[in-house]
Amino acid sequence: DQQVKQNSPSLSVQEGRISILNCDYTNSMFDYFLWYKKYPAEGPTFLISISSIKDKNEDGRFTVFLNKSAKHLSLHIVPSQPGDSAVYFCAASVENDYKLSFGAGTTVTVRA
Amino acid sequence: GAGVSQTPSNKVTEKGKYVELRCDPISGHTALYWYRQSLGQGPEFLIYFQGTGAADDSGLPNDRFFAVRPEGSVSTLKIQRTERGDSAVYLCASSPSSGSYNEQFFGPGTRLTVL
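Notes on the structure follow.

With that settled, the discussion passes to the packing of aromatic side chains. Applying the stated criterion across every chain, the model contains 13 aromatic pairs over all chains. Relative to Tyr48(B), the ring of Tyr98(A) has its centre 3.9 Å away and its plane inclined at 20°; by these criteria the two rings are stacked. Of this pair, Tyr98(A) sits in the loop between β9 (86–94) and β10 (101–102) while Tyr48(B) sits in strand β5 (residues 44–50), placing the two residues on different chains. For the residue pair Tyr98(A) and Tyr48(B), the accessibility class agrees, reading buried in each case. Following the ring pairs from residue to residue traces out a cluster consisting of Tyr36(A), Phe46(A), Phe89(A), Tyr98(A), Phe102(A), Tyr33(B), Tyr35(B), Phe45(B), Tyr48(B) and Phe106(B).

If you look at the interface, chain A gives 23 residues, while chain B gives 21 residues. Here chain A meets chain B over a buried area of about 1,700 Å², counting both sides, of which 58% is carbon and sulfur. The largest share of the area that chain A buries against chain B comes from Tyr98(A), Lys99(A) and Phe102(A), three residues that together contribute 33% of it. For the pair chain A and chain B, the interface holds one salt bridge. Across the pair Lys99(A) and Asp56(B) runs a salt bridge, and its minimum N-O distance is 3.3 Å. The interface formed by chain A and chain B contains five residue pairs in polar contact (both at pLDDT 80 or more). Of all the secondary structure elements, the ones that give two or more residues to the side of chain A that touches chain B are β4 (30–38), β5 (45–51) and β9 of chain A.

Okay, the nonpolar core next. Counting residues in hydrophobic clusters, the biggest one holds 23 residues, and the most contacted among them are Phe33(A), Trp35(A), Leu73(A), Leu75(A) and Tyr88(A). Secondary structure elements with two or more residues in this core: β3 (19–25), β4, β5, β7 (62–67), β8 (72–77), β9 and β11 (106–111) of chain A. In this structure, Leu32(B), Trp34(B), Tyr90(B) and Val114(B) belong to the second largest nonpolar core, which totals 20 residues.

Parameters and conventions
Residues numbered from 1 in each chain as written. Chains lettered and ligands numbered in written order. Predicted model: local features only at pLDDT ≥ 70, side-chain atom pairs only at ≥ 80, totals over all residues. Heavy atoms only, no water. Phe/Tyr/Trp six-rings, centres within 6.5 Å; stacked < 30°, edge-to-face > 60°. Helix = DSSP H or I, 4+ residues; strand = E, 2+ residues; numbered from the N terminus. Buried < 20%, exposed > 50% of the residue type's maximum accessible area, 1.4 Å probe, protein only. Contact = heavy atoms within 4.5 Å. Buried area = accessible area lost by both parts, 1.4 Å probe. Salt bridge = Lys/Arg side-chain N within 4 Å of Asp/Glu carboxyl O. Polar contact = N/O pair within 3.5 Å; in protein donor to acceptor, adjacent residues only side chain to side chain. Core = buried A, V, L, I, M, F, W, Y, C linked by side-chain atoms within 4.5 Å.

Here it is in C-alpha cells:
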C-alpha cells in the first residue's frame, strides 16, 4: 500500500533552469513532509521539510509547496546545478509518529 | 562529526544462510531506525528503537528478521534463513530523539545480495 507516490521516475533539466519534482500522498493523517536527496552509494540526506500548517517553505534554491486539499507537494530547485543530479525522495509522517513513508524517488539529471 | 556508519557495505550470501548487519548511529542519538530499500523503491520502515528497546517492530516482514540494540548505541539487524527476496539495501538512520519532526540521519546502507 504505497501511501506516498512519485509518479515521475526521472527528470532531465538544463543547468540554470528550474527543476520541479512532484509528490502525491493518500494518507490524510500525514502532517509533516520531507524531501531527501540521495547520491549513489550514499544514504539519503535531508534537504527540506514542511509542516502541514504551512503551504510553502523556502531554503536557498529549494522551495517546497504543499497543497493539502489536493494531497500534493512539489519541490522546486532554481537554478538547477550539476551537483543537483541525484535521486530525490519525498517522505511523509504523522504527528507523534517516527516512521517515514517514502515515495519511490525521482532521478534528476542536470545537463550542462 | 562522524555520521551514521554501517558495516559491511556489501554482503553476498547464499540462500538459507544467516547474516548480521551492523549500524553505528551518531553519538548521543537515542532513536535508531532500520529501513529496507528494494530496487526501484523508496526506503520502507522495518523497526525503531528508542534507547535499548524496540519501540516498534511492525515493519519487520516476518520472524526471520530480528534486531537488537543492547546498550542503546550500536544496533544489529539479524536475518535468518535468508531468501532471494531479502536482497535489498538495508539503511540505518538515527535522530536525537523520537518524534515526527526530528530529522533522521541516514547511513550509506548495506547492500545485501542473496544468491
